Amino acid sequence: MLIFMDMIVTDRGLRPKLISLALVRIDGLELYLESAQVDRSECGRFLQERALTQLGRIPGSVCKPQDIPGRLRQWFKDLPEPATIEPGVPGGSTGRVHR
């Protein structure tokens, strides 16, 4: 099963932290998650003006950072077949990660 992945992480600080993650199956089913704890001071101007202003618009997507791994595991567990993950959007990827 082909899955496209996109994510946004903080761009300041020593360790990037997840802001949002989107997974879209080739058949259109998707998972979108946002961290409920984003430190704006760890985000550059672009993220603050363009990305952070878009957060919180999709019902059910905002969750505690510690809940994100469990939601991801469940989503992948429910897949009907093994996944091939393509970064980015269809036609724009350069590499693959296999599960």
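That block above? That's the structure.
(A) Representation of the packing of aromatic side chains. Per the stated rule, a full pass over the model turns up 1 aromatic pair. Consider the rings of Trp75 and Phe76, whose centres lie 5.4 Å apart with planes at 90°: the pair is edge-to-face.

(B) Local environment of the nonpolar core. Counting 12 residues, the largest nonpolar core consists of Met1, Ile3, Leu23, Leu31, Leu33, Cys63, Ile68, Trp75, Phe76, Leu79, Ala83 and Ile85. The biggest single contributor to this core is helix α2 (residues 68–77), with 3 residues. Counting 5 residues, the second-largest nonpolar core is a separate cluster that includes Ile19, Leu47, Ala51 and Leu52.

(C) Structural detail: the environment of Arg12. If you trace the backbone, Arg12 turns up in the loop between β1 (2–9) and β2 (18–25). A relative accessible area of 46% means that Arg12 is categorised as partly exposed. With 31 residues separating them in the primary sequence, Arg12 and Cys43 have C-alpha atoms 5.6 Å apart. In this structure Arg12 touches Ser41, Glu42, Cys43, Gly44 and Arg45, once residues within four positions along its chain are discounted.

Cut-offs and rules
- Residues numbered from 1 in each chain as written.
- Predicted model: local features only at pLDDT ≥ 70, side-chain atom pairs only at ≥ 80, totals over all residues.
- Heavy atoms only, no water.
- Phe/Tyr/Trp six-rings, centres within 6.5 Å; stacked < 30°, edge-to-face > 60°.
- Core = buried A, V, L, I, M, F, W, Y, C linked by side-chain atoms within 4.5 Å.
- Buried < 20%, exposed > 50% of the residue type's maximum accessible area, 1.4 Å probe, protein only.
- Helix = DSSP H or I, 4+ residues; strand = E, 2+ residues; numbered from the N terminus.
- Contact = heavy atoms within 4.5 Å.

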